[in-house]
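Architecture and fold: a report
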Amino acid sequence: MKRNQGTHTKIALVGQPGAGKSSVINKLIGKNLFKSGVYTDTTVKSQEASWGALRIVDLPGYDTKRFPFEDWCKQFSVEDYDLYLFVFAGKLHDADGKLFKKFKEWNQSRKHPYFIVRNKEDDIWDDGKTLDELKKEIVEDVYSKVGAEDIKVYFTSCKTGTGFRELKDDIFNSGIDKVKQDKIIAVFKADSIQDLGRKRAKCLDDIDVYAWSVVANALNPIPGVDVCFDLAAFYKMAKEIRESFGLDETVIEKYMTVLGPVGKKLGDKVLAYLTKEGIMWVLKRVAGQYTKKQFAKYIPFVGQAVAALAGFAMTKKLGEYYIDDCYELAKAILEYEIRHNEHVNPVK
């Protein structure tokens, strides 16, 4: 079944100024979408950024003179989001409790998950108390503000990477709509082999949609190739696959050097699809395996339809190969980072 590839998954960032909302989402995605530390409680409009099929909205402060709580909920259409990240780092306020309760109320009917994140865990300290004791007090404070004890609090540190593995896993398994969940998986940074496996499975799951898009607009076979093939659509497919694995030209070229012969071989394969000229070079090398004659026997007519079938089969196979190449290169990069960075979580 064809998926709706055009819709976005909307994530709302809410919480106290200075809590590190921007840093948290940047850490989850692995890209600096928002500048850290530039918003204050005087911010009067939402800040939006898109990456892939995600649209992230950093909402301004709530329950203030400028934005009384109910007015804030209406003005910023808070019920329109697919997932909510509430981030705090200091003492909770009564307004935070009101927001928690509102999320709980919305979630009973809409089933759009929300996550309460106590950021800057590395700054939690009080003389005479252990970190576990202090974290327990913070959790109990959240319980008292919400009026329930079924709320999970995630403790994270953007400095050390603590807590993000658990937060990501729970976001992935939150029960959000499968199509929207896949968009999150495609965009969130992989910091485990398990994450890369999710990305690979998602790309393979979409390959038929990709392949039909490549032949759908190709009205005539490419001269000398004899199959229907839309070069621009294939280029877009390859770009989206690379982005899902966090691979761009700068990253690829950097790690081709440090990973040695294996990295060089994988990098060359991935870079071959970086330009339309490179794609044409690959296409002409393999096109002989996918000719109209091979597919004419499967359908009772010839011409453009057979050329389209040949183009679909060729695109699907090349796409599958490309997904595997991107996966293997991303895996080699991740394993290298784990060996050289103590703050990256162990491979699973």
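As the structure is a computational prediction, the values presented were derived from the model and not from experiment. (Residues numbered from 1 in each chain as written. Predicted model: local features only at pLDDT ≥ 70, side-chain atom pairs only at ≥ 80, totals over all residues. Heavy atoms only, no water.)

Some points on the overall build of the chain
If you tally the helices and strands in the chain, you get 14 helices and six strands. Looking at the chain as a whole, 48% of its 348 residues are labelled buried. Accessible surface for the chain amounts to roughly 17,400 Å². Of this, 51% is attributable to carbon and sulfur atoms. (Helix = DSSP H or I, 4+ residues; strand = E, 2+ residues; numbered from the N terminus. Buried < 20%, exposed > 50% of the residue type's maximum accessible area, 1.4 Å probe, protein only. Areas by Shrake-Rupley, 256 points an atom, 1.4 Å probe, with all protein chains shown as cover.)

Brief notes about the side chain of lysine 145
Residue position: lysine 145 is located in helix H4 (residues 131-146). For lysine 145, a relative accessible area of 16% translates into the label buried. Engagement of the side chain of lysine 145 in a polar contact is seen with the side chain of aspartate 141, the distance being 3.0 Å. With near-sequence residues (within four places) excluded, lysine 145 lies in contact with Leu92, His93, Asp94, Gly97, Phe100 and Lys101. (Polar contact = N/O pair within 3.5 Å; in protein donor to acceptor, adjacent residues only side chain to side chain. Contact = heavy atoms within 4.5 Å.)

Considering unusual backbone geometry
In the Ramachandran plot, lysine 120 falls in the positive-phi region, its phi being about 60 degrees despite a non-glycine side chain. Structurally, lysine 120 can be placed in the loop between strand E5 (114-118) and H4. With a relative accessible area of 30%, lysine 120 lands in the partly exposed category.

A closer look at the side chain of arginine 165
You can see arginine 165 is positioned in helix H5 (residues 164-172). Polar contacts involving the side chain of arginine 165 include one to the side chain of aspartate 169, which spans 2.8 Å. Within the structure, arginine 165 has its side chain in polar contact with the side chain of aspartate 191 (distance 2.4 Å).

Focus: H4
Here H4 contains 16 residues, and its C-alpha end-to-end distance of 23 Å stays within 8% of the 22 Å for a straight helix at 1.5 Å per residue. For H4, the set of buried residues is Leu134, Ile138, Val139, Val142, Lys145 and Val146. Summarising the axial view, the buried residues of H4 lie within an arc of 140 degrees, below the 170-degree limit, and thus occupy one face. Residues of H4 that are exposed and angled more than 90 degrees away from the buried face: Asp132, Lys136 and Ser144. (Expected span 1.5 Å × (residues − 1). Arc of directions from axis to C-beta.)

Describing the pattern of salt bridges
Inspection of the entire model under this criterion finds 24 salt bridges. A single salt-bridge network, built from bridges that share partners, covers Arg165, Lys168, Asp169, Asp191, Asp195 and Arg198. (Salt bridge = Lys/Arg side-chain N within 4 Å of Asp/Glu carboxyl O.)

Some thoughts on the nonpolar core
If you look at the biggest cluster of nonpolar residues, it comprises 39 residues, and the most contacted ones within it are Leu196, Phe234, Ile241, Phe245, Tyr273 and Leu329. Looking at this core, the elements that each hand over two or more residues are helix H7 (193-205), helix H8 (207-216), helix H9 (231-244), helix H10 (249-258), helix H11 (260-271), helix H12 (276-286) and helix H14 (304-340). Per-element tally for this core: the top contributor is H14, with eleven residues. For phenylalanine 234, the contacting residues outside a window of four places in its chain are Val214, Phe229, Tyr273, Ile279, Thr315 and Leu318. By size, the runner-up hydrophobic cluster in this structure holds 33 residues, among which are Val57, Tyr62, Phe67 and Leu134. (Core = buried A, V, L, I, M, F, W, Y, C linked by side-chain atoms within 4.5 Å.)

Looking at the packing of aromatic side chains
The geometry of an aromatic ring pair is captured by two quantities: the separation of the ring centres and the angle between the planes. The tally for this structure, following the rule as stated, stands at 14 aromatic pairs. Members of the aromatic cluster, each reached through a chain of ring pairs, are Tyr62, Phe67, Phe69, Trp72 and Phe76. Its end group placed over the ring of tyrosine 327, arginine 200 keeps NZ or CZ at 5.9 Å from the ring centre. (Phe/Tyr/Trp six-rings, centres within 6.5 Å; stacked < 30°, edge-to-face > 60°. Lys NZ or Arg CZ within 6 Å of the ring centre and 35° of its normal.)

Side note on the confidence of the model for the chain
For the chain, the mean per-residue pLDDT works out to 81, and 82% of the residues sit at or above 70. Per-element averaging of pLDDT across the chain places helix H13 (residues 292-296) at the bottom with 51 and strand E6 (residues 153-155) at the top with 95. Predicted confidence is poor over residues 298-302, with pLDDT under 50, and the contacts of this stretch with residues over four places away or in other chains come to four contacts. Of the regions scoring below 50 in pLDDT, residues 342-348 engages in 18 contacts with residues more than four places distant in sequence or in other chains. (pLDDT = per-residue confidence, 0-100.)

Observations concerning the packing of H10 against H11
Interaxial distance between H10 and H11 falls to 7 Å at its minimum, and their mutual angle equals 155 degrees. Taken together, the axis directions place H10 and H11 in an arrangement best described as roughly antiparallel. You can see that H10 and H11 cross each other, and the crossing is left-handed. Facing Glu249, Ile252, Glu253, Met256, Thr257 and Val258 of H10, the residues of H11 in contact are Gly260, Gly263, Lys264, Gly267, Asp268, Val270 and Leu271. Grouping the amino acids of the contact of H10 with H11 by side-chain chemistry returns five nonpolar, four polar and four charged. (Axes fitted to C-alpha atoms, helices over the stretch in contact; angles between N-to-C directions. Parallel < 35°, antiparallel > 145°, perpendicular 65-115°, else oblique. Left-handed = near helix turned anticlockwise from the far one by under 90°. Nonpolar A, V, L, I, M, F, W, Y, C, P; charged D, E, K, R; others polar.)

Overview of the environment of asparagine 119
Along the chain, asparagine 119 turns up in the loop between E5 and H4. Apart from residues lying up to four places away in sequence, asparagine 119 is in contact with Ala19, Gly20, Val24, Val87, Phe88, Ala89, Thr156, Ser157 and Cys158.

Observations regarding the pairing of strand E4 (residues 83-88)
Of all six residues that make up E4, six are buried, and the element is covered over most of its length. Because side chains alternate across E4, one face comprises the buried residues Leu83, Leu85 and Val87, and the other comprises Tyr84, Phe86 and Phe88, equally buried.

Regarding the environment of glutamate 243
If you trace the backbone, glutamate 243 turns up in helix H9. Glutamate 243 sits in the partly exposed class, given a relative accessible area of 30%. Along the backbone, glutamate 243 and valine 187 are 56 residues apart, and their C-alpha atoms lie at a distance of 7.7 Å. Reaching out from glutamate 243, the side chain makes a polar contact with the side chain of lysine 239 at a distance of 2.6 Å.

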